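These are the residues of each chain, in order.
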Amino acid sequence: MPASGTPRELIAAPHPVLSARALPVDPADPGVVVAAADLLATMRRARHCTGLAAPQIGLGWRLLSVDVSLHPGARSCAGELVVANPRLVAASRWEPAREGCLSVPGLTGDVLRATRITVRGERPGSGAPVTIDADAFEARCIQHQLDHLDGVLFLDRVIRAWAVRRAEPATEPTGE
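A few points on the structure. (Residues numbered from 1 in each chain as written. Predicted model: local features only at pLDDT ≥ 70, side-chain atom pairs only at ≥ 80, totals over all residues. Heavy atoms only, no water.)

1. Description of the overall build of the protein chain
- Per the secondary structure count, the protein chain includes two helices and six strands.
- Element order for the protein chain, N to C, with α for helix and β for strand: α-β-β-β-β-β-α-β.
- Taking 16 Å as the expected radius of gyration for a compact globule of 176 residues, we find that the protein chain reaches 15 Å, a close match to that expectation.
- For the protein chain, the spread of C-alpha atoms along the principal axes amounts to about 45 × 30 × 30 Å. (Helix = DSSP H or I, 4+ residues; strand = E, 2+ residues; numbered from the N terminus. Rg over C-alpha atoms; globule rule 2.2 N^0.38 Å.)

2. So, helix 2 (residues 136–149)
- Over its 14 residues, helix 2 extends 21 Å from the first C-alpha to the last, a length consistent with the 20 Å expected when each residue adds 1.5 Å.
- A large share of helix 2 lies buried, amounting to 14 of its 14 residues. (Expected span 1.5 Å × (residues − 1). Buried < 20%, exposed > 50% of the residue type's maximum accessible area, 1.4 Å probe, protein only.)

3. Quick look at the environment of Thr115
- Considering the arrangement of structural elements, one finds Thr115 in strand 4 (residues 107–122).
- Placed 21 residues apart in sequence, Thr115 and Trp94 show a C-alpha to C-alpha distance of 5.8 Å.
- Discounting residues that sit within four places of it in the chain, Thr115 has contacts with Ser92, Arg93, Glu95, Ala134, Asp135, Ala136 and Ala139.
- Within the structure, Thr115 has its side chain in polar contact with the backbone oxygen of Arg93 (distance 2.7 Å). (Contact = heavy atoms within 4.5 Å. Polar contact = N/O pair within 3.5 Å; in protein donor to acceptor, adjacent residues only side chain to side chain.)

4. A word on the state of the cysteines
- Taken as a whole, this structure holds zero disulfides when the rule is applied.
- We note that Cys49 lacks a disulfide partner, and the nearest cysteine sulfur, in Cys141, lies 7.5 Å from it.
- Residue Cys49 is classed as buried on the basis of its relative accessible area, which comes to 12%.
- In this structure Cys101 is a free cysteine whose sulfur lies 8.9 Å from that of Cys49, the closest cysteine sulfur available. (Disulfide = S-S within 2.5 Å.)

5. Some remarks on the pairing of strand 2 (residues 63–66)
- Residues Leu63 and Ser65 point to one face of strand 2 and Leu64 and Val66 to the other, with burial holding for every one of them.
- Pairing analysis gives three bridges linking strand 1 (residues 51–53) to strand 2, with the strands arranged antiparallel. In the sheet register, Ala53 faces strand 2, and the bridge partner there is Leu64.
- Here four bridges tie strand 2 to strand 3 (residues 81–100), and the two strands are oriented antiparallel to one another. Considered in strand 3, the bridge of Ser65 is made with Val82. (Pairing = 2+ DSSP bridges.)

6. Here's the deal with the pattern of salt bridges
- By the definition in use, this model includes nine salt bridges.
- For Arg98, the salt bridge goes to Asp110, with nearest N and O atoms at 3.1 Å. Placement of the pair is Arg98 in strand 3 and Asp110 in strand 4, with a sequence separation of 12 residues.
- Taking relative accessible area as the criterion, Arg98 reaches 28% and is therefore assigned partly exposed.
- Residue Asp110 is classed as buried on the basis of its relative accessible area of 16%. (Salt bridge = Lys/Arg side-chain N within 4 Å of Asp/Glu carboxyl O.)

Next up, the structure:
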């Protein structure tokens, strides 16, 4: 994967790419490798961002990035990484928590998610298999990105309509 990518414009709802199921990719394809680097560059540029999915930069591909290393709620931390064709293979210990999204600016909502997950996928570039065992905030962040790949926004998963609120200005990393 290239050492640095180019930050891309973030796509906001109701853009149709955010409601479509993303397509599998060939992790060795040079375009996928460039997109992976661009995801990381975009994530680094966005304040308080802990993850992005390819649809959020306008690509209907099954590609996500994550890095929760600076989030105070992180217990597990796989570091900064990109996964091609990720799939959830195990989930347990469901809990509600507040989420927000760069593609839905200004709103947060309470979403029920597993606090322990296992995800499998491939590394862009090499295509090597990757397995991530995540818990707490990292598990939530990855599930949020997986939803983007399935055309689902966090608002689609809010526990109750009254649980949606206007976002407060962030003072610390709070999620994607």
